[in-house]
Amino acid sequence: MKKPDGAKKVLLIDHTEGQCRAIVGFKDGDARAAYMCGEPVIRRPGKKQSSWCEYHHWQMHANNAEQNSAVEQVPKLSILKGHPSRQGP
């Protein structure tokens, strides 16, 4: 699966059903004029239509898996009752 080349990018206001909604840039740097990927979205029988093309769909899920893995590796902290910084005057 290769990264889309941007040839199908479309402005948000011109976006139509079935085009990838991943934001790939902004027209003249204006955040109100976002460019969407525009590639065809993933269609799986019996499943709800995706909002992303294959590349952006898997990129999003890979990032979520990495984030979840990082959260699981953070040691759990416990709050100590009676800690001096938590006592009143």
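For the structure, check the block above.
Residues numbered from 1 in each chain as written. Predicted model: local features only at pLDDT ≥ 70, side-chain atom pairs only at ≥ 80, totals over all residues. Heavy atoms only, no water.

1. Looking at the packing of aromatic side chains
Thought 1: For the structure on display, the rule yields zero aromatic pairs.
Thought 2: Geometry around Tyr 35 places Lys 9 over its ring, the cationic atom sitting 4.5 Å from the centre. (Phe/Tyr/Trp six-rings, centres within 6.5 Å; stacked < 30°, edge-to-face > 60°. Lys NZ or Arg CZ within 6 Å of the ring centre and 35° of its normal.)

2. Re unusual backbone geometry
Thought 1: Positive phi values are uncommon outside glycine, yet Asp 28 reaches one of about 55 degrees.
Thought 2: With respect to the helices and strands, the residue Asp 28 is situated in the loop between strand 2 (23–26) and strand 3 (34–36).
Thought 3: A relative accessible area of 77% places Asp 28 in the exposed class. (Helix = DSSP H or I, 4+ residues; strand = E, 2+ residues; numbered from the N terminus. Buried < 20%, exposed > 50% of the residue type's maximum accessible area, 1.4 Å probe, protein only.)

3. So, the sheet that holds strand 3
Thought 1: An order of 1-3-2 is seen for the three strands of this open sheet, with the pairing classed as antiparallel. Every interior strand has two partners, whereas the edge strands, strand 1 (10–11) and strand 2, have only one.
Thought 2: With two bridges joining them, strand 1 and strand 3 adopt antiparallel strand pairing. Among the inter-strand pairings, Val 10 is bridged to a residue of strand 3, identified as Met 36. (Pairing = 2+ DSSP bridges.)

Function cannot be inferred from these measures alone, as they are strictly geometric.
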